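Structure at a glance
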Protein chains: 2
Amino acid sequence: MEKYYLGVDIGGMSVKAGVVGAEGKIAVKDSCVTRIDGGTEAFIGDVHNLCVKVAAAKGLKLSDLSGIGMGIPGTVDSRRGIVTYSGNLDFKRTNVFREWQKFSEVTIKIGNDANCAALGETRFGGGGGVRNSVLVTLGTGVGTGFIVDNKIFEGKNGEGAEGGHICVKMNGEKCTCGERGCWEAYASAAALVKQTARAIKKHPESLMREIYAERGELSARIAFDAFKKGDKTAENVVKRYVRYVATGITTMVNIFRPDVVIIGGGVSHEGEYFIKMVERLVRRHAFGGRFNKVPPVVGATLGNDAGIIGSAAMTM
Amino acid sequence: MEKYYLGVDIGGMSVKAGVVGAEGKIAVKDSCVTRIDGGTEAFIGDVHNLCVKVAAAKGLKLSDLSGIGMGIPGTVDSRRGIVTYSGNLDFKRTNVFREWQKFSEVTIKIGNDANCAALGETRFGGGGGVRNSVLVTLGTGVGTGFIVDNKIFEGKNGEGAEGGHICVKMNGEKCTCGERGCWEAYASAAALVKQTARAIKKHPESLMREIYAERGELSARIAFDAFKKGDKTAENVVKRYVRYVATGITTMVNIFRPDVVIIGGGVSHEGEYFIKMVERLVRRHAFGGRFNKVPPVVGATLGNDAGIIGSAAMTM
């Protein structure tokens, strides 16, 4: 009989769950709204109900599954089953294993959501099944996930892998975390929006200003769109942003030297030309580039399913 | 019968070897000069002779040993036994396993020297036997070694763990590696000497200038010595240098979240007050410091023996 796994991707807005086959394909999936105002027990009850429902849609009970994995935003102590802290879910030292046991005897695994996504992309997505990878998610923030020897690397008590908060510029831009000069403050989509706004102010003749006026809101795409239409100011914004992205990735490569670097998140949808620009810089600046083999940089391919697939993969 | 291991620490100037017990104590040690002008085979022959000699001093043959480990400066592919590149030894894709087999049938293990030292300090030195650590060596350069789950973490083909070359200041100081803004360009002993020279030029009234005149040469110690005597300029130099050191360590902590951070190398001999200054900043700036437990920062304790002990520990 074929083996099936359940992957749950818990987010601040919604909880997504899917039954996943051994080849990393989603057989069936479903979701529910994240309700945390009723307390932790009620919330885990919702998650449990969703799991039962999605398994049933495939004709399975929870006990029929070969594994249930959950990706949770925040600091996750996967060994002890405790979420040390999650701003999105208002969890503080929450024992998820114990809460889950109130609803089911089937054991679960939990992990940080970004780490689970990294595992999914590495095994079944852009990584193509390598054993060592770095996933960089360029979204509102900069998330990182490290797969070392086919396993999620999370540091003591799941408190590591915070690659968005490496310092790339001492005394530099203020970061949401309170520090200065974090990579996230330069390479996130939010940072690119700021960089775009500054450039428009300084160069009102830029095509970016027109696009902004048309669309009515600033976004990370404006600079890329104007760049592709030949706007010089946009070109400078994009090239500088690419340098920011490549700087952090080069640091990751110098430390981890993985088989591959995978870029995901909203900005990665810019496509192959953007990924190649980043790769070129990483290859040029990585340590010992002349003697050592610098890993390729590729785009993520699983999109929003990476969390479900990776959470399931954690139990494979 | 008690188990003994052989640790070999290969350096650009000398080769040191020691018989090490299971508790990480050196029973007997010896050394020879590094001669590379006779070619690789002759050099490995020298290393072999040293091994035979030091084992014999303990009444042992090589085949009596429970393991032989060698730490080598450069990029070491420990799995395949190949030194991809070593500037110090003029090795390029040198197959050390094969060269060794010309002299002995006993198998050996090889690793990067800094990584071996990290393993030694973690198991038997400042680390006190934890399973996860970061060793930072503040010497002419900045070296890093990572112990993850009791094993050396070296990245693909041994090309990772180059923590000295993480970027801490984009477009910053020029580094010996050719890049700009590397941590090493701010936190090495050589960098501190440069920072001291600049401060003396700018503030000729500083006590550092007198100490420099007395000793006749610049060194990393001048700033510390003047600082301890109350010199204000020296205080600024030291405090800024401590910030540089802490910045890179904070990045390592955010990524690895180890059990402990160990500082070794010449600058670490400054002592406990220096280590504590660094630790205070790391605790203040590490990600999620309020919720997460920031690892302690400690000094290395094995000194020059770390390489021998760690190389032996690699085989335990």
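Residues numbered from 1 in each chain as written. Chains lettered and ligands numbered in written order. Predicted model: local features only at pLDDT ≥ 70, side-chain atom pairs only at ≥ 80, totals over all residues. Heavy atoms only, no water.

Attention shifts here to the packing of helix 7 (residues 221–228) of chain A against helix 8 (residues 232–256) of chain A. Residues and elements named next belong to chain A. With their axes 8 Å apart at the nearest point, helix 7 and helix 8 run at an angle of 120 degrees to one another. Classified by the angle their axes make, helix 7 and helix 8 are oblique. In the packing of helix 7 onto helix 8, the handedness of the crossing is left-handed. Packed against helix 7, whose contacting residues are Ala223, Phe224, Ala226 and Phe227, the element helix 8 presents Ala234, Glu235, Val237, Val238 and Tyr241 at the interface. Each residue belonging to the contact of helix 7 with helix 8 can be placed in one class, and the counts come to eight nonpolar, no polar and one charged. (Axes fitted to C-alpha atoms, helices over the stretch in contact; angles between N-to-C directions. Helix = DSSP H or I, 4+ residues; strand = E, 2+ residues; numbered from the N terminus. Parallel < 35°, antiparallel > 145°, perpendicular 65-115°, else oblique. Left-handed = near helix turned anticlockwise from the far one by under 90°. Contact = heavy atoms within 4.5 Å. Nonpolar A, V, L, I, M, F, W, Y, C, P; charged D, E, K, R; others polar.)

A word on the pattern of salt bridges. For the coordinates displayed, the defined rule picks out 34 salt bridges over all chains. A salt bridge links Glu41 of chain A to Lys102 of chain A, with the shortest nitrogen-to-oxygen separation between them at 3.2 Å. Remark: Lys102 of chain A occurs in the loop between helix 2 (96–101) and strand 8 (109–112) and Glu41 of chain A occurs in helix 1 (residues 40–57); sequence separation between them is 61 residues. Relative accessible area serves as the criterion here: at 46%, Lys102 of chain A is assigned to the partly exposed category. Between Lys239 of chain B and Glu235 of chain B there is a salt bridge, with the nearest N and O atoms lying 2.8 Å from each other. Here Lys239 of chain B pairs with Glu235 of chain B, and both are found in helix 8 (residues 232–256), just four residues apart, close to one helical turn. When its relative accessible area of 40% is taken as the criterion, Lys239 of chain B is described as partly exposed. Overall, Glu235 of chain B belongs to the buried group, its relative accessible area being 18%. In the salt-bridge network here, residues are joined through shared partners; they are Glu41, Glu99 and Lys102 of chain A. (Salt bridge = Lys/Arg side-chain N within 4 Å of Asp/Glu carboxyl O. Buried < 20%, exposed > 50% of the residue type's maximum accessible area, 1.4 Å probe, protein only.)

Take the pairing of strand 2 (residues 14–21) of chain A next. Residue and element names in this part refer to chain A. In terms of burial, strand 2 is a largely internal element, six of the eight residues being buried. Pairing of strand 1 (residues 4–10) with strand 2 involves seven bridges; the strand directions are antiparallel. Looking across to strand 2, one finds that Ile10 is bridged to Val15. Counting the residues between successive antiparallel strands, the hairpin from strand 1 to strand 2 contains three residues. As paired elements, strand 2 and strand 3 (residues 26–33) share seven bridges and run antiparallel to each other. Paired with Ser14 across the strands is Val33, a residue of strand 3. Counting the residues that bridge the hairpin from strand 2 to strand 3 gives four residues, and of these Gly24 lies at a positive phi of roughly 80 degrees. (Pairing = 2+ DSSP bridges.)

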